[in-house]
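Understanding the architecture of this molecule
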Amino acid sequence: MLTLVTGCRGRVGSALTALLHQGGHPVRAASRNAAELTPPPGVPAVTCDLGDPHTFPEALKGVDSVFLYAEPAHIDAFLTAAQEAGVRHIVLLSSSSVLAPDPADNPIAASHQAVEQALLASPLTATLLRPGAFATNAYGWAGSFRSGRPVDLPYPRSGGSPIDEADIAEAACAALTDPALQGAAYHLTGPESLSAAEQVRVLAEASGTPVTVNEVSPAAWKEAMAPFMPAEVAEGLLSYWAITDGIPAEVADGVEKLTGHPARTFADWAAGHAAAFRP
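Residues numbered from 1 in each chain as written. Predicted model: local features only at pLDDT ≥ 70, side-chain atom pairs only at ≥ 80, totals over all residues. Heavy atoms only, no water.

**Considering the overall build of the protein chain**
As a reminder, the rule being used: A run of H or I in DSSP becomes a helix once it reaches four residues, and a run of E becomes a strand once it reaches two; helices and strands are each numbered from the N terminus. Only C-alpha atoms enter the radius of gyration; for comparison, a globular chain is expected to reach 2.2 Å times N to the power 0.38, where N is the number of residues. Exposed residues in this analysis have more than 50% of their type's maximum accessible area, buried residues have under 20%, and partly exposed residues fall in between, with area computed by a 1.4 Å probe over protein chains only. We call two residues in contact whenever any of their non-hydrogen atoms come within 4.5 Å of each other. What sets the accessible areas is the Shrake-Rupley method with a 1.4 Å probe; for residues, cover comes only from the shown protein chains. We count Lys and Arg on the positive side and Asp and Glu on the negative side, and we leave His and both chain ends out. Each charge is placed at NZ for Lys, CZ for Arg, CG for Asp and CD for Glu.
A count of helical and extended segments in the protein chain gives 11 helices and 11 strands. Its C-alpha atoms give the protein chain a radius of gyration of 19 Å, within 12% of the compact-globule value 19 Å for 279 residues. Here the C-alpha coordinates of the protein chain stretch approximately 55 × 40 × 35 Å along the principal axes. Looking at the protein chain as a whole, 46% of its 279 residues are labelled buried. Summarising the internal contacts of the protein chain: among those between residues at least 6 apart in sequence, 71% fall at separations of at least 24. Carbon and sulfur atoms make up 54% of the accessible area of the protein chain, which amounts to about 12800 Å² in all. One way to put it: in the protein chain the 15 positive side-chain charges average out to a point 6 Å from where the 29 negative ones average out.

Right, dumping it as structure tokens:
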């Protein structure tokens, strides 16, 4: 049962590839440029650019299951190529943003929803992983920590339940290897709700780096982020944070359902990645 893991330059994809290989499951690592990958010894690397359908047939040859990132541009072509190759099961890394009341109005949710709908309309078995905010999003504050500057937050009281990327990889591994878990949708979160300001405090304690929070206007934050993200993505984030300002985030049990253990805490993640937040 050969699994193709797309997006292996990312933390989730690379961790999942290692888990499958360690468990004795045949796996093929894929990314836009296979030459940039460093999979575990014995794991082949292949080019699979989700923006280029010409790369799909070779990457999918002999594959039974796929771990797929949610890129909507050529999803129909990918699913056609997957069916022609004999793929039976796809685990999609979606987003909990699709659970919002109007996902089509949010650019982040809309792209994930489009891929979900295409998958569910296909004859393939689809397992949907819907994580909320990744703990790794906190790396966006690392520059402030290292330079001694305050962390600028437009909505410091906005609640989140950040999830460790290791839990996402383990959840995906379980869904790919246990037929009893397949064909369902799972909401994945960390085990507790923390405001953005509380997350900064947790990181400060873990790294031993004193840092303060500076509340800025949404417009100022969007302007500062312009070099790093598209305007529509920034708008989507600001809209979400405004709606959740002062409201605890939902905590779901998807990680435990899939892996059999509780989700890792943000404090655990911060302790393991504290070096990135020290001067």
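**Brief notes about the sheet that holds strand E1 (residues 3–5)**
The line we're drawing: Between any two strands, at least two bridges found by DSSP are needed for them to pair. Only the stretch in contact is used when fitting a helix axis, every axis being a line fitted to C-alpha atoms; angles between N-to-C directions are given from 0 to 180 degrees.
One open sheet accounts for seven strands, arranged E3-E2-E1-E4-E5-E6-E9; its pairing is parallel. For this open sheet the edge positions go to strand E3 (45–47) and strand E9 (185–188), each flanked by a neighbour on one side alone. With strand direction ignored, the average angle separating the axes of adjacent strands in the sheet is 20°. As defined by bridge partners, E1 adjoins strand E4 (residues 65–69) across three bridges and the pair is classed as parallel. In the strand pairing of E4, Val5 is matched with Phe67. This element, helix H1 (residues 11–22), spans E1, strand E2 (27–31) and E4 of the sheet and lies at about 155° to E1.

**What to know about the side chain of His187**
Along the polypeptide, His187 turns up in strand E9. Setting aside chain neighbours within four positions, we find His187 in contact with Ser96, Leu99, Arg130, Glu250, Ala252, Asp253 and Gly254.

**A look at the environment of Arg130**
Applicable threshold: For this analysis, a polar contact is any N or O atom pair within 3.5 Å, provided that within protein one partner can donate a hydrogen and the other can accept it, and provided that sequence-adjacent residues contribute only side-chain to side-chain pairs.
For Arg130, the position within the fold is in strand E6 (residues 125–131). Arg130 gets classed as buried once you look at its relative accessible area, which sits at 16%. Note: C-alpha distance between Arg130 and Leu92 (38 residues apart in sequence) is 8.4 Å. Excluding its chain neighbours within four sequence positions, the residues that come into contact with Arg130 are Ser94, Ser95, Ser96, Val98, Leu99, Glu116, Ala185, Tyr186, His187 and Leu188. Side chain to side chain, Arg130 and Glu116 meet in a polar contact 2.8 Å long.

**Re the pairing of E4**
Let me state the cut-off plainly: Clockwise travel from the first strand over the helix to the second, with the strands pointing away from the viewer, marks a crossover as right-handed.
The element E4 is largely enclosed, with a buried count of four among its five residues. Of the crossover connections in this fold, the one passing from E4 over helix H3 (residues 75–85) to the parallel strand E5 (residues 89–93) is right-handed.

**Focus: the nonpolar core**
Test applied: To form a nonpolar core, buried Ala, Val, Leu, Ile, Met, Phe, Trp, Tyr and Cys residues must be joined to one another through side-chain atoms within 4.5 Å.
Ranked by internal contacts, the top residues of the largest apolar core, which has 28 residues, are Val5, Leu16, Leu20, Phe67, Leu129, Leu188 and Leu258. Of all the secondary-structure elements, those providing two or more residues to this core are H1, E2, E5, helix H6 (165–177), E9 and helix H10 (254–259). No other element matches H6, which puts eight residues into this core. If we skip the residues at most four places from it in the chain, Leu188 touches Leu129, Arg130, Pro131, Gly132, Ile163, Ala171, Gly254, Val255 and Leu258.

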